[in-house]
Amino acid sequence: AQSVTQPDIHITVSEGASLELRCNYSYGATPYLFWYVQSPGQGLQLLLKYFSGDTLVQGIKGFEAEFKRSQSSFNLRKPSVHWSDAAEYFCAVAPSGGYQKVTFGTGTKLQVIP
Amino acid sequence: ETGVTQTPRHLVMGMTNKKSLKCEQHLGHNAMYWYKQSAKKPLELMFVYSLEERVENNSVPSRFSPECPNSSHLFLHLHTLQPEDSALYLCASSQVGVHPEAFFGQGTRLTVV
């Protein structure tokens, strides 16, 4: 069965600092990988996705993520965090093909301090 | 309208009430999903409809009853709920095999009293 681990429940960074959110997955083959962001009381917005090809993927809002097969990781990064990035971030994995039986991680809540 | 729209945004209901949550997608997708998001728990996939057929029912109690009358609309009918059913209910849609990423609505915050 597929699974996702986000080891950090909360992360606090200063505005302008760099950010890396960790995600490890477990899946038998190469999965589809996603990062979503959720602001309080809102739905989930897709930041970026990896299906195949280039292992460094660019997303919206200046985010990027790198797929590392050897480490079963898909960490999210941003070079300079803005106060508006404060939200909860979810890593997700789904099998390739078919409808999306997506498994989500437990989320990392990001706090940005001035 | 664009994207995935959920109504109502907030709902308070008693344990003996019957209510329905509505989801509408304007993306031309052919799969729709209900997720439950409770505090301090991972998102739980409840139901999946693909090409208007229910293909997943993840051990959800019968007090939750989904309905997908067409590829654009999804309902979640609620009856005799329990306080522990209070949560954010998220609807999502995707296009099977083409654009597999799911697009989410803003959710319905349900409180059972």
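Our subject is the structure listed above.
Residues numbered from 1 in each chain as written. Chains lettered and ligands numbered in written order. Predicted model: local features only at pLDDT ≥ 70, side-chain atom pairs only at ≥ 80, totals over all residues. Heavy atoms only, no water.

A.B. asks: So what exactly am I meant to see when it comes to the nonpolar core here?
C.D. replies: Soluble globular proteins tend to bury their nonpolar side chains together. Counting 26 residues, the largest nonpolar core has A:Leu19, A:Trp35, A:Leu47, A:Leu48, A:Phe74, A:Leu76 and A:Tyr89 as the members making the most contacts within it. Elements supplying a minimum of two residues to this core: strand S2 (10–14), strand S3 (19–21), strand S5 (32–38), strand S6 (44–50), strand S8 (64–68), strand S9 (73–78), strand S10 (87–94) and strand S12 (108–113) of chain A. Among the elements that line this core, the one with the most residues is S10(A), at 4 residues. Here A:Leu48 is in contact with A:Leu33, A:Phe34, A:Trp35, A:Val57, A:Gln58, A:Gly59, A:Phe63, A:Glu64, A:Ala65, A:Phe74 and A:Leu76, once residues within four sequence places are set aside. Grouped together as the second largest cluster of nonpolar side chains are 22 residues, B:Met13, B:Phe47, B:Val60 and B:Leu74 included. (Core = buried A, V, L, I, M, F, W, Y, C linked by side-chain atoms within 4.5 Å. Buried < 20%, exposed > 50% of the residue type's maximum accessible area, 1.4 Å probe, protein only. Helix = DSSP H or I, 4+ residues; strand = E, 2+ residues; numbered from the N terminus. Contact = heavy atoms within 4.5 Å.)

A.B. asks: What am I meant to see in the state of the cysteines here?
C.D. replies: Every disulfide links exactly two cysteines, by a covalent bond between their sulfur atoms. Applying the stated criterion across every chain yields a total of 2 disulfides over all chains. Each sulfur of the disulfide joining A:Cys23 and A:Cys91 lies 1.9 Å from the other. With the S-S bond torsion at -65 degrees, the cross-link from A:Cys23 to A:Cys91 turns out left-handed. Of this pair, A:Cys23 sits in the loop between S3 and strand S4 (24–26) while A:Cys91 is found in strand S10, placing the two residues 68 residues apart along the sequence. Residue classification places A:Cys23 among the buried positions, given a relative accessible area of 0%. A:Cys91 sits in the buried class, given a relative accessible area of 0%. Bridging B:Cys23 to B:Cys91, the disulfide has an S-S length of 1.9 Å. Because the sign of the S-S torsion sets the handedness, a value of about -75 degrees for the bond joining B:Cys23 and B:Cys91 places this disulfide among the left-handed ones. Of this pair, B:Cys23 sits in strand S3 (residues 18–25) while B:Cys91 sits in strand S9 (residues 87–95), placing them 68 residues apart in sequence. For the pair B:Cys23 and B:Cys91, a shared accessibility class is recorded, and that class is buried. (Disulfide = S-S within 2.5 Å.)

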